[in-house]
Amino acid sequence: MTHAEHIPSGPPASLDQARQLAAALLSERGEASGALIARQLQQTMRVLDADGRHGFQRYLASAFQPDAAALQDAATRYLADGTAAAAAALADAADPPRQEVLRRMNMAPGGTASLIAMRSEIAGRLGSEPELKLLDADLKHLFVSWFNRGFLELRRIDWQSPAAVLEKLIAYEAVHEIKGWDDLRRRLAPDRRCFAFFHPALPGEPLIFVEVALVQGLATAVPPLLVQDADQDSAGLRAAHADTAIFYSISNCQDGLRGVSFGNFLIKQVVEELQTEFPQLKRFSTLSPIPGFRRWLGQQPQPGGNEVAMLRELDREGWWHDAAPCETWRPVLMRLCAQYLTRSPASGNRIDPVARFHLGNGARLERINWLGNTADRAMAESFGIMVNYLYDHDSIERNHEAFARVGEIVRSPQVDALL
């Protein structure tokens with residue numbers, strides 16, 4: 001009788017059973033038996049309540065540690081001779097058995113989605129339960145391998161895509177809310193493009209998607225990009241005459257895959273796709289939010305005189321509708337925003353997350369736009385200011401190296417003029 005036959009069958013019922021199945025999964029060497037146990041564990045996890053899942057996550061984090069004696073012995077041998085073989089043996093001894101448990105859990109149908117959901121669920125507890133950080137780190141380590149670029153499939157999403165995928169676009173849009181099916185149809189019109197990465201283990205589930213507007217000139221505000229326009233023929237003509245592609249929204253769809261980089265590959269491949277379809281395009285730029293600006297400004301030493309009054313006045317609802325004071329505040333906020341966006345990470349500064357993403361991908365800080373978006377979230381984050389990051393094919397690698405090596409923020413003369 002094999003070990004798998006000792007595992008109780010029938011409806012899974014308890015946290016204890018989940019623990020037993022996980023332990024059995026690690027001890028099983030037969031592929032068929034391992035797959036059976038993985039399915040039973042998956043079924044058990046589905047019926048656990050939130051407390052049960054929490055208990056199982058704590059068990060995974062604490063129960064499957066490297067063998068301390070074997071690890072110490074391998075470390076001693078490596079320190080003694082330092083050979084490649086000793087280094088490999090040390091790495092093998094340091095590899096936590098928990099990673100192998102997670103790999104075998106992935107053998108069950110739906111295993112990948114279950115593990116992603118697990119990592120998403122533990123995210124909120126990492127601060128109060130640091131022991132879960134071990135499980136989080138192992139899951140991320142595996143996901144980086146399982147979701148590398150070679151496994152990702154780029155697909156264009158249009159109005160003919162499956163309804164289930166279109167519904168997910170509405171649900172996952174994280175930058176500019178999609179207000180129903182009419183709004184979505186506009187974003188998939190002939191002068192718009194939407195592309196997403198998919199993975200074979202998550203059929204029909206986008207991992208990340210980008211929305212693109214084909215326009216003339218550098219777009220500096222969001223509302224014109226989102227305006228409702230049902231005329232498909234006019235949209236087609238705009239696409240044919242466009243000289244600029246504006247990436248105006250990039251949304252990650254799977255919280256459990258945070259820290260696994262998709263966006264840099266996505267932008268570069270979408271640029272290639274657009275260049276092939278629209279050879280007349282001359283510029284590829286984002287129109288991006290600045291989520292950290294207002295928070296950063298609030299943490300700075302209080303300015304004096306008129307600037308104190310200005311910052312207090314900016315808490316007033318609808319201040320941007322008053323033309324005279326608005327124009328008074330504009331140069332001050334634009335200068336402060338330029339200072340915020342041009343701080344070098346080499347000096348220990350915490351860089352705006354969107355800026356870090358695009359500058360790290362080799363984009364140039366091209367233009368800062370006053371009141372580019374007056375939606376509530378944008379006003380709360382950045383006083384409505386938005387920014388263009390320009391992806392210039394001839395300078396992407398040089399810009400990336402400058403940012404990565406010395407923290408240089410490559411920027412346009414227009415941005416320099418604000419400082």
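Refer to the preceding data block for the structure.
This write-up is about the structure you can find in this document.

Here is what the cut-offs are and how they apply
- Residues numbered from 1 in each chain as written.
- Predicted model: local features only at pLDDT ≥ 70, side-chain atom pairs only at ≥ 80, totals over all residues.
- Heavy atoms only, no water.
- 1 Å grid on protein atoms, 1.4 Å probe; cavity = no way out; pocket = protein on both sides within 12 Å on 5 of 7 lines; lining within 4 Å.
- Points joined across faces, edges and corners; volume = space filled by probe spheres on them.
- Helix = DSSP H or I, 4+ residues; strand = E, 2+ residues; numbered from the N terminus.
- Nonpolar A, V, L, I, M, F, W, Y, C, P; charged D, E, K, R; others polar.
- Phe/Tyr/Trp six-rings, centres within 6.5 Å; stacked < 30°, edge-to-face > 60°.
- Buried < 20%, exposed > 50% of the residue type's maximum accessible area, 1.4 Å probe, protein only.
- Lys NZ or Arg CZ within 6 Å of the ring centre and 35° of its normal.
- Salt bridge = Lys/Arg side-chain N within 4 Å of Asp/Glu carboxyl O.
- Pairing = 2+ DSSP bridges.
- Axes fitted to C-alpha atoms, helices over the stretch in contact; angles between N-to-C directions.
- Parallel < 35°, antiparallel > 145°, perpendicular 65-115°, else oblique.
- Left-handed = near helix turned anticlockwise from the far one by under 90°.
- Contact = heavy atoms within 4.5 Å.

The next point concerns the layout of surface pockets. Roughly 270 Å³ of volume is contained in the second largest pocket. Together, 14 residues line the second largest pocket, and Val 271, Tyr 391, Asp 392, His 393 and Ile 396 are the ones closest to its centre. A per-element tally of the lining of the second largest pocket places helix α13 (residues 263–277) first, with five residues. Across the lining of the second largest pocket, the residue classes tally to six nonpolar, two polar and six charged.

Attention now moves to the packing of aromatic side chains. Following the criterion strictly, the structure yields 13 aromatic pairs and no others. A centroid spacing of 5.6 Å and a plane angle of 65° characterise the contact between Trp 319 and Trp 329, whose relative ring orientation is edge-to-face. Linking Trp 319 in the loop between α15 (306–313) and α16 (323–341) with Trp 329 in helix α16, this pair joins segments that are 10 residues apart in sequence. Taking the relative accessible area as the measure of exposure, Trp 319 reaches 1% and is therefore buried. Trp 329 sits in the buried class, given a relative accessible area of 9%. One aromatic cluster is present, built from ring pairs that chain together Phe 143, Trp 146, Phe 147 and Phe 262. Of note, Arg 155 hangs over the ring of Phe 198, and the distance from its end group to the ring centre comes to 3.9 Å.

Tallied over the entire structure, the rule returns 28 salt bridges. Note that Lys 168 is salt-bridged to Glu 205, the shortest N-O span being 3.8 Å. Residue Lys 168 is found in helix α9 (residues 163–172), and its partner Glu 205 is found in the loop between β2 (192–198) and β3 (208–215); the two are separated by 37 residues along the sequence. Since its relative accessible area comes to 21%, Glu 205 is described here as partly exposed.

Another aspect to go through is unusual backbone geometry. Even without being glycine, Leu 371 reaches a positive phi, approximately 50°. Locating Leu 371 in the fold gives a position in the loop between β6 (364–369) and α18 (376–382). Phi at Phe 383 is positive, roughly 55°, even though this residue is not glycine. Inspection of the secondary structure puts Phe 383 in the loop between α18 and β7 (386–390). Here Phe 383 falls in the buried class, since its relative accessible area comes to 3%.

Extensive coverage of β7 is indicated by the burial of five of its five residues. Relative to β7, β6 is paired through five bridges, and the arrangement is antiparallel. When the sheet's bridge partners are listed, Arg 364 is paired in β7 with Leu 390.

Before going further, it helps to spend a moment on the packing of helix α6 (residues 97–105) against helix α8 (residues 132–146). Remark: α6 packs on α8, axes separated minimally by 10 Å, with the N-to-C direction vectors making an angle of 55°. Here α6 lies oblique to α8, going by the angle between them. The handedness of the crossing between α6 and α8 is right-handed. Packed against α6, whose contacting residues are Arg 98, Gln 99, Leu 102 and Arg 103, the element α8 presents Leu 134, Leu 135, Asp 138, Leu 139, His 141, Leu 142 and Trp 146 at the interface. A per-class count over the contact of α6 with α8 returns six nonpolar, two polar and three charged.

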